[in-house]
Every structure is written in structure tokens, then in C-alpha cells.
Amino acid sequence: MNKHDDVVNEARRKVPLTKFNVGDTVDVQVLIREGDKERIQIFNGTVIARRGKEGTSATFTVRRIVQGEGVERIFPINSPKVVGLVVKSRASVRRAKLFYLRERVGKAAKLKEIIG
């Protein structure tokens, strides 16, 4: 192996995240450090984009509505700050990126859920 492969393997997540796709509603458990204390904060929303498969630069974008404003966060898949991921519901989507949800509000922003 060369040095590049060693660095990539070291940066990879030891325990993989739960399988998820674009359109899923997820709870992302993020490790927050405040001074010398640590806590886990949950960021819940809809996965609107995913970039990369499992590499060190792979990320996913989660969008949620807070007090009428859209909030998006981009999480690296292999980040040690992302403690866990829980899939709340799955949706049937026809696109790889759901950026069109940014212009929609209310019922227009709902996705068709997969039951079962």
C-alpha cells in the first residue's frame, strides 16, 4: 500500500452509518463540544443530496424547517462528530438531488412516503 491509501483507510469510519438514501427523513446525532463538556445534539430533517459513495470526501445534506426558515447542514459521512444516524421514514423520489424543495413550503414540500 502507498501512503495515500494508508491515510484514506485511517480517515474512514470504523462503524458504518445506517443505510440511507436521498428523500429519507433522518435524525443525525452530532457530537457538540462546549468547553470541556460533550453532548449529543440531534439534527432531524430530509436528506436532499448525497455526494460521493463512501470515500473520505463523501457528504450528505440534510434540510429542515425551523420557525418558517429552511436550515441546511452538510455532514461528512466519515466525520467523528457524526455519532449516529437514524432513518425515521423513507420516501419515493425520482431525482438524485432534491434542491427543488428549497422553493417549496408547506404541503408542497412533502414527499411521497414508502410504506412498509
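Refer to the structure printed above.
Just so we're clear, the structure is a prediction, and the values are computed from it rather than from any experiment. (Residues numbered from 1 in each chain as written. Predicted model: local features only at pLDDT ≥ 70, side-chain atom pairs only at ≥ 80, totals over all residues. Heavy atoms only, no water.)

1. Comments concerning the overall build of the chain
- Helix and strand counts for the chain stand at one helix and seven strands.
- The order of helices and strands in the chain, counted from the N terminus, is α-β-β-β-β-β-β-β.
- On the principal axes, the C-alpha backbone points of the chain span a range of 50 × 35 × 30 Å.
- In the chain, buried positions account for 30% of the 116 residues.
- Look at the contacts in the chain between residues 6 or more apart in sequence, and 52% of them connect residues 24 or more apart.
- When the accessible area of the chain is evaluated, it comes to approximately 8,400 Å², of which 52% is carbon and sulfur surface.
- For the chain, the distance from the average position of its 25 positive side-chain charges to the average position of its 13 negative side-chain charges is 6 Å. (Helix = DSSP H or I, 4+ residues; strand = E, 2+ residues; numbered from the N terminus. Buried < 20%, exposed > 50% of the residue type's maximum accessible area, 1.4 Å probe, protein only. Contact = heavy atoms within 4.5 Å. Areas by Shrake-Rupley, 256 points an atom, 1.4 Å probe, with all protein chains shown as cover. Lys, Arg positive; Asp, Glu negative; His and termini not counted. Charge placed at Lys NZ, Arg CZ, Asp CG, Glu CD.)

2. Observations regarding the pattern of salt bridges
- For the structure on display, the rule yields six salt bridges.
- A salt bridge links E34 to R39; its shortest N-O distance comes to 3.2 Å.
- Residue classification places R39 among the partly exposed residues on the basis of a relative accessible area of 36%.
- For R63, the salt bridge identified is with E72, shortest N-O distance 2.9 Å.
- Taking the relative accessible area as the measure of exposure, R63 reaches 14% and is therefore buried. (Salt bridge = Lys/Arg side-chain N within 4 Å of Asp/Glu carboxyl O.)

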